[in-house]
Amino acid sequence: MNPDLDLTLRRIIRAPRAAVWHAWTDPAKLARWWLPAPARCQVDRLDPRPGGAFVTRMSDEDGAFVPHLDACFLVVDELERIVFTNALTSTWRPATPAPVAMTATITLTDHPDGTDYRVLVQHGDPESRAHHEKLGFADGWGLVTAQLAAVAEDLAAR
């Protein structure tokens, strides 16, 4: 972790790793938590494997769906780690995504209360990191992580 280039988030999710993993890798589950409410998410492509596509659209409440994320998975270690980047599109073309290019690493480890969920978002330069932080990284990623926790905890309760 480089504090000049990276942003992090950590949360204990009160559900087993399998439930968190399922919420991440099932398109219907991902659509429930991937964007901060009240925005809605549509998952166009979710292929959680190295080189697989990660494409979503978003809608503000009742509006039309517009492009949100066109990314690809770099690493997928079942039940342990997901790494994706928006610096390459889902078709492996170089991209200049707005608002910032990033690579995100999601790590899941066992915790006595469920799953230790960690996010590391890497940026190419300090300005991009600062911009992402100013845009509300902590609040935005924190909210979607809380939504993820709710979905995973609901799955675990069933």
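Here's what I pulled together on the structure shown here. (Residues numbered from 1 in each chain as written. Predicted model: local features only at pLDDT ≥ 70, side-chain atom pairs only at ≥ 80, totals over all residues. Heavy atoms only, no water.)

### Some words on the packing of helix H1 (residues 17-25) against helix H4 (residues 137-157)
Viewed as axis vectors pointing N to C, H1 and H4 meet at an angle of 120°, and their least axial separation amounts to 8 Å. Judged by the inter-axis angle, H1 sits oblique to H4. Where H1 crosses over H4, the two elements pack in a sense that is right-handed. Side by side, H1 and H4 meet where Ala19, Val20, His22, Ala23 and Trp24 of the first sit next to Leu148, Val151, Ala152, Leu155 and Ala156 of the second. Across the contact of H1 with H4, the residue classes tally to 9 nonpolar, 1 polar and no charged. (Axes fitted to C-alpha atoms, helices over the stretch in contact; angles between N-to-C directions. Helix = DSSP H or I, 4+ residues; strand = E, 2+ residues; numbered from the N terminus. Parallel < 35°, antiparallel > 145°, perpendicular 65-115°, else oblique. Left-handed = near helix turned anticlockwise from the far one by under 90°. Contact = heavy atoms within 4.5 Å. Nonpolar A, V, L, I, M, F, W, Y, C, P; charged D, E, K, R; others polar.)

### So, unusual backbone geometry
A cis amide bond links alanine 37 to the next residue, proline 38, at an omega of 15°. Secondary-structure assignment places proline 38 in the loop between helix H2 (27-33) and strand S2 (39-46). For leucine 79, which is not a glycine, the phi torsion comes out positive at approximately 70°. Positionally, leucine 79 belongs in the loop between strand S4 (66-77) and strand S5 (81-85).

### Description of the environment of threonine 89
Among the secondary structure elements, threonine 89 is positioned in the loop between S5 and strand S6 (103-111). Residue class for threonine 89 comes out buried when judged on its relative accessible area of 14%. Between the C-alpha atoms of threonine 89 and leucine 46, which are 43 residues apart in sequence, the distance is 13 Å. Among all residues touching threonine 89, those that are not within four sequence positions of it are Asp70, Ala71, Cys72 and Ala95. (Buried < 20%, exposed > 50% of the residue type's maximum accessible area, 1.4 Å probe, protein only.)

### Some words on helix H3 (residues 126-134)
Within the sequence span of H3, burial applies to Ser128, Arg129 and His132. Taken end-on, H3 shows its buried residues confined to a sector of 100°, consistent with a single buried face. Turned more than 90 degrees away from the buried face of H3 sit Glu127 and Lys134, all of them exposed. Packed against the buried residues of H3 are strand S1 (6-13), strand S7 (114-122) and H4. Of the residues trailing H3, glycine 136 is marked for its positive phi of about 110°. (Arc of directions from axis to C-beta.)

### Some thoughts on empty space enclosed by the protein
Applying the stated rule across the entire model yields 1 cavity of 30 Å³ or more. Each pocket or cavity is described by its volume, and for the largest cavity that value is around 30 Å³. The wall of the largest cavity is formed by Trp24, Trp33, Trp34, Ile106, Tyr117, Trp141, Val144 and Thr145. For the lining of the largest cavity, the leading source of residues is H4, giving 3 residues. Class assignment for the residues of the lining of the largest cavity results in 7 nonpolar, 1 polar and no charged. (1 Å grid on protein atoms, 1.4 Å probe; cavity = no way out; pocket = protein on both sides within 12 Å on 5 of 7 lines; lining within 4 Å. Points joined across faces, edges and corners; volume = space filled by probe spheres on them.)

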